[in-house]
Amino acid sequence: MVVGGAGLLWLAVESATRLAALPGASRRFTGSLPVTGQAGGGATPAPVDAARIPVTQWLDDRVQVLDPAAWRLRVAAGATTREWTYAELEGFGDQIEAVLDCTGGWFAPATWEGVRLDRLLPPGAAGALLLATRLAGRPLSAGHGFPARLVAPGRRGFWWVKWVVSVELDQAPWWRQPPFPLT
């Protein structure tokens, strides 16, 4: 009964906030606010201008500046390992519209481009993950993870790993793996 009452109270407050067009009306279900200049927080908001997406860091990360000619992506799946150059990854044109929902309290829908990880790993191993090399048609900036960044639709921002240098397929069951990336 208490849970039902709390649910009804929450629904009433959310409805009143939206009807009164209060500042919190555009929040996502996570509580994050849209990036300034972005329309509404609906189920599928329109992509935001890539230049408006803030550059944020996880804990004590620093923006890395990497030479694309020297950079390599190491992909390991069991006994098979392959290295990819930036130029090779740039040749892929997979696109995904995904909402980057930062734990810092903002969200921004955008078009990310690169290569689906299931193209680099055995079939079905990576689902909907994308290794992005471009954001809204332009190469990623250093602050957004150039040369490659993981895009994890439906996951919070700390899953969207920047400056990816290796991908390793772990055969351990999901329940034995950490709930978020450790490196």
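Refer to the structure printed above.
Presented here is a report on the structure given in the accompanying data block. (Residues numbered from 1 in each chain as written. Predicted model: local features only at pLDDT ≥ 70, side-chain atom pairs only at ≥ 80, totals over all residues. Heavy atoms only, no water.)

Some thoughts on unusual backbone geometry
Condition: Numbered from the N terminus, helices here are DSSP runs of H or I no shorter than four residues, and strands are runs of E no shorter than two.
That bond from Phe 146 to Pro 147 is cis: its omega, 10 degrees, falls within 30 degrees of zero. Inspection of the secondary structure assignment puts Pro 147 in the loop between strand S7 (138–139) and strand S8 (149–151). Backbone geometry at Ala 136 places phi at a positive 55 degrees, although glycine is not the residue there. Along the chain, the position of Ala 136 falls in the loop between strand S6 (130–135) and S7. Positive phi is not limited to glycine here, since Trp 163 has a value of about 55 degrees. As for its placement among the helices and strands, Trp 163 is situated in the loop between S8 and strand S9 (166–169).

Quick notes on the packing of aromatic side chains
Put simply, the rule is: In this scheme Phe, Tyr and Trp rings, the latter by its six-membered ring, pair at centre separations within 6.5 Å, and the angle between planes marks the pair as stacked below 30 degrees, edge-to-face above 60, and tilted otherwise.
On inspection of all chains with the given rule, the structure shows 4 aromatic pairs. Ring geometry for Trp 112 versus Trp 160: centroids 5.4 Å apart, planes at 65 degrees, classification edge-to-face. One end of the pair, Trp 112, is in strand S5 (residues 106–116); the other, Trp 160, is in the loop between S8 and S9, and 48 residues separate them in sequence. Following the ring pairs from residue to residue traces out a cluster consisting of Trp 71, Tyr 86 and Phe 146.

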